[in-house]
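# Chains, contacts and geometry: an overview
The lines below spell out each chain.
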Amino acid sequence: AQSVTQLDSQVPVFEEAPVELRCNYSSSVSVYLFWYVQYPNQGLQLLLKYLSGSTLVKGINGFEAEFNKSQTSFHLRKPSVHISDTAEYFCAVSDPGTGGGNKLTFGTGTQLKVEL
Amino acid sequence: DGGITQSPKYLFRKEGQNVTLSCEQNLNHDAMYWYRQDPGQGLRLIYYSQIVNDFQKGDIAEGYSVSREKKESFPLTVTSAQKNPTAFYLCASRRQGATDTQYFGPGTRLTVL
């Protein structure tokens, strides 16, 4: 079974500073990778996804992520954060080869807190 | 506007009562999913359905039931057998292509008193 590890449960950062949220996954086979953002008491919104091709993926709100197959990682980065980026961020993986409804396996989330 | 709606936003029930959470989508998506979210545990899959009149158990299906009588609707019933039902419940849907993304509804927060 797939597993996703987000080692940092909370990341505090000052506004306009860069940030990296870490994500590692367990599978060595081909996978699809996703980052979602969740604002308080809301659903999840897709930030970006990696399906194939270029390992650097750009998403919404200035976020980007880099797929590293050898390290089974998909870290999320933003060069300069804004107070409005304060939210919880979830990394997720889908194994397209399972045929099981393209289920997503989620990490436990990283709470990003941007401070003035 | 196309999207996924979940109602109600907040739901309170007494212990021992069954409760049904609504999920409706007008995106013409084939697959629908129910997740449970608890603090510090991420999202865990309860049930999913890839086609009308068919559904499969996810990782934590015990104490829950679903139906899929219409393409646009996938209600979740939290039964009295669910030992710890207080949580935030999220519904999602996607088209059936292998690369298609899951889109999420706004969620229902269930509190069992």
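How each quantity is defined
Residues numbered from 1 in each chain as written. Chains lettered and ligands numbered in written order. Predicted model: local features only at pLDDT ≥ 70, side-chain atom pairs only at ≥ 80, totals over all residues. Heavy atoms only, no water. Helix = DSSP H or I, 4+ residues; strand = E, 2+ residues; numbered from the N terminus. Buried < 20%, exposed > 50% of the residue type's maximum accessible area, 1.4 Å probe, protein only. Contact = heavy atoms within 4.5 Å. Areas by Shrake-Rupley, 256 points an atom, 1.4 Å probe, with all protein chains shown as cover. Lys, Arg positive; Asp, Glu negative; His and termini not counted. Charge placed at Lys NZ, Arg CZ, Asp CG, Glu CD. Patch = residues over 30% accessible without salt bridge, like charges linked within 9 Å, V, L, I, M, F, W, Y side chains within 5 Å. Salt bridge = Lys/Arg side-chain N within 4 Å of Asp/Glu carboxyl O. Pairing = 2+ DSSP bridges. Axes fitted to C-alpha atoms, helices over the stretch in contact; angles between N-to-C directions.

## Describing the overall build of chain A
Scanning chain A from N- to C-terminus turns up 0 helices and 12 strands. Element order for chain A, N to C, with α for helix and β for strand: β-β-β-β-β-β-β-β-β-β-β-β. The C-alpha extent of chain A, read off along each of the three principal axes, is 45 × 30 × 25 Å. Here chain A, with 116 residues, has 45% of them falling under the buried criterion. The contacts in chain A between residues at least 6 apart in sequence include a share of 56% that link residues at least 24 apart. Of the roughly 5500 Å² of accessible surface on chain A, a fraction of 50% belongs to carbon and sulfur atoms. Separation between the mean location of the 8 positive side-chain charges and that of the 10 negative ones in chain A comes to 8 Å.

## Comments concerning a nonpolar patch on the surface
Residues and elements named next belong to chain B. Where nonpolar side chains cluster on the molecular surface, the patch consists of Tyr10, Phe12 and Leu113 and spans about 360 Å² of accessible area. For Tyr10, the location among the structural elements is in strand S2 (residues 10-13). For Tyr10, a relative accessible area of 46% gives the class partly exposed.

## Some thoughts on the pattern of salt bridges
Applying the stated criterion across every chain, the model contains 8 salt bridges over all chains. Asp85 of chain A is paired through a salt bridge with Lys78 of chain A; the nearest N and O atoms lie 2.8 Å apart. Neither Asp85 of chain A nor Lys78 of chain A differs from the other in exposure class; each is buried. In this structure, Arg44 of chain B and Asp38 of chain B form a salt bridge, with 2.8 Å as the shortest nitrogen-oxygen distance. Relative accessible area serves as the criterion here: at 26%, Arg44 of chain B is assigned to the partly exposed category.

## Side note on the sheet that holds strand S1 (residues 4-7) of chain B
All names here are of chain B. In spatial order, the strands read S1-S3-S8-S7; together these 4 strands make up an open sheet with antiparallel pairing. At either margin of the open sheet sits one strand with a lone partner, and together these are S1 and strand S7 (64-66). Neighbouring strand axes in the sheet, compared pairwise and without regard to direction, differ in orientation by 20° on average. Here S7 pairs with strand S8 (residues 76-78) via 3 bridges, running antiparallel. Bridged to Ser65 within S8 is Thr77.

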